[in-house]
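Here's the letter readout for the chains.
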Amino acid sequence: MLRLDNIHAGYGNTEVLRGVSLEVKAGEVVTLLGANGAGKTTTLRSLCGLIKPSQGTVEFDGRRLDGCAPDEIVAAGITLIPEGRQLFPFISVRDNLLMGAYKKAARPAVKQRLEQVLELFPRVRERLEQHAGSLSGGEQQMVAIARGLMSDPKLLVFDEPSLGLSPLLVSQVFGIIDKILALGTTVLIVEQNIVHTLRVAHRGYVLENGSITLTGTGQALLDNPHVKRAYLGL
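In this report, the structure presented in the accompanying data block is examined.

About the thresholds
Residues numbered from 1 in each chain as written. Predicted model: local features only at pLDDT ≥ 70, side-chain atom pairs only at ≥ 80, totals over all residues. Heavy atoms only, no water. Helix = DSSP H or I, 4+ residues; strand = E, 2+ residues; numbered from the N terminus. Rg over C-alpha atoms; globule rule 2.2 N^0.38 Å. Buried < 20%, exposed > 50% of the residue type's maximum accessible area, 1.4 Å probe, protein only. Contact = heavy atoms within 4.5 Å. Core = buried A, V, L, I, M, F, W, Y, C linked by side-chain atoms within 4.5 Å. Pairing = 2+ DSSP bridges. Axes fitted to C-alpha atoms, helices over the stretch in contact; angles between N-to-C directions. Lys, Arg positive; Asp, Glu negative; His and termini not counted. Salt bridge = Lys/Arg side-chain N within 4 Å of Asp/Glu carboxyl O.

**Some details on the overall build of the protein**
Move 1: Assigned secondary structure in the protein consists of 11 helices and 10 strands.
Move 2: Here the C-alpha atoms of the protein give a radius of gyration of 17 Å, agreeing with the 17 Å that 2.2 N^0.38 yields for 234 residues.
Move 3: With the C-alpha coordinates of the protein rotated into their principal frame, the extents come out at 45 × 40 × 30 Å.
Move 4: When the 234 residues of the protein are sorted by exposure, 50% land in the buried category.
Move 5: In the protein, once contacts between residues fewer than 6 apart in sequence are set aside, the share between residues at least 24 apart is 68%.

So, in structure tokens, the structure goes:
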């Protein structure tokens, strides 16, 4: 479904990614792990059209996307749930969700999609008429995920979904991923909460200093001595 091949990218004269290659197959949960500054966000920016790779290719469903604008990438079927949620705080939750269905292909079925999404997030249904900024952090994260699903994506990309959430809310967020897969949506997660992420991931990649250094199943990476030492403190 998604293939990044030999991606080099950065900012100005600073190269952050040095030959990143990874693959996400349809129906999978794949995670990209790494410390702060490893290049995780730059990888997502390259994938989502926010920066243009200086070298390498991004392919999605057989189509080259490197060099495409962000709106073209959303139209192709990739939606990013950004770090920090980035909701519109002074409009209603309902209007935030409807803004997620702005791509042309999602508009004809917006009412059906809204109902489908609200079935996944009953708490969001209860908050539809409130301003998004008045919600708790956990509720805002649910709205951000729901807004992403309104575009009917083939691939949903999470950037640090557990950031700033309590342990209970982190478990709830990760518990939703199976329901997202049941909708036919594939998932790519960038996350520092390694234990939760590897427990739900089919496969994972470890990114260090702009390069992929390890790859394997979620359980294999969870059991890997280097991962335990570097990221779990064991």
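The discussion continues.
**As for the nonpolar core**
Move 1: Ranked by size, the top nonpolar core spans 35 residues in total, and within it Leu 97 and Phe 121 carry the most contacts.
Move 2: When contributions to this core are tallied by element, the ones reaching two or more residues are α3 (93-99), α4 (110-120), α6 (137-149), β7 (155-159), α7 (167-175), α8 (177-182) and β8 (186-190).
Move 3: Examining the composition of this core, we find that six residues originate from one element, α6, more than from any other.
Move 4: By size, the runner-up hydrophobic cluster in this structure holds 29 residues, among which are Leu 2, Ala 9, Leu 22 and Leu 47.

**Notes on the sheet that holds β7**
The strands making up a sheet are joined through hydrogen bonds of the backbone, oriented either antiparallel or parallel.
Move 1: Read across the open sheet, the six strands follow the order β6-β7-β8-β3-β9-β10; overall the sheet is mixed. Single-partner strands in this sheet number two, and they are β6 (78-81) and β10 (211-217). Between one strand axis and the next, the sheet turns through 20° on average, direction left out of account.
Move 2: The pairing of β7 with β8 spans five bridges and is parallel. Residue pairing for β8: Leu 155 is matched across the bridge by Thr 186.
Move 3: Contacting β3 (29-33), β6, β7, β8 and β9 (203-208), helix α1 (residues 40-47) runs over the sheet at an angle of about 150° to β7.
Move 4: Against the sheet, α6 contacts β6 and β7, and its axis sits at roughly 170° relative to β6.

**A word on the sheet that holds strand β4 (residues 55-60)**
Move 1: As summarised here, the arrangement of the four strands in space is β2-β1-β4-β5, forming an open sheet in which the pairing is antiparallel. Two strands close off the open sheet at either side, each with one partner strand: β2 (14-24) and β5 (63-64).
Move 2: Sheet topology note: the β4/β5 ladder contains two bridges and is antiparallel. Paired with Phe 60 across the strands is Arg 63, a residue of β5.

**Remarks on the pairing of β8**
A regular strand places its side chains so that they alternate between the two faces of the sheet.
Move 1: Of all five residues in β8, five are buried, a share of seventy percent or more.
Move 2: Burial along β8 is two-sided: Thr 186, Leu 188 and Val 190 facing one way and Val 187 and Ile 189 facing the other are all buried.
Move 3: Sheet topology places β3 next to β8; four bridges connect them, and they run parallel. Paired with Leu 32 across the bridge in β8 is Val 190.

**Focus: the pairing of β7**
Move 1: For β7, the buried fraction is high: five of the five residues fall into the buried class.
Move 2: Taken together, the four bridges between β6 and β7 define a ladder with parallel strand orientation. By the bridge assignment, Ile 81 is partnered in β7 with Phe 158.

**A few points about the side chain of Asp 159**
Move 1: Position of Asp 159 among the secondary structure elements: in strand β7.
Move 2: Here Asp 159 occupies a buried position and makes no salt bridge, while the nearest side chain of opposite charge, Arg 45, is found at 6.9 Å.
Move 3: With near-sequence residues (within four places) excluded, Asp 159 lies in contact with Thr 41, Leu 44, Leu 80, Ile 81, Pro 82, Glu 83 and Val 190.

**Considering the environment of Val 117**
Move 1: Along the chain, Val 117 turns up in helix α4.
Move 2: Judged by relative accessible area, which is 2%, Val 117 ranks as buried.
Move 3: Put simply, Val 117 and Leu 128 are 11 residues apart on the chain and 12 Å apart in space, counted from C-alpha to C-alpha.
Move 4: Once you skip the residues sitting within four places of it in the chain, Val 117 turns out to touch Ala 146, Leu 149 and Met 150.

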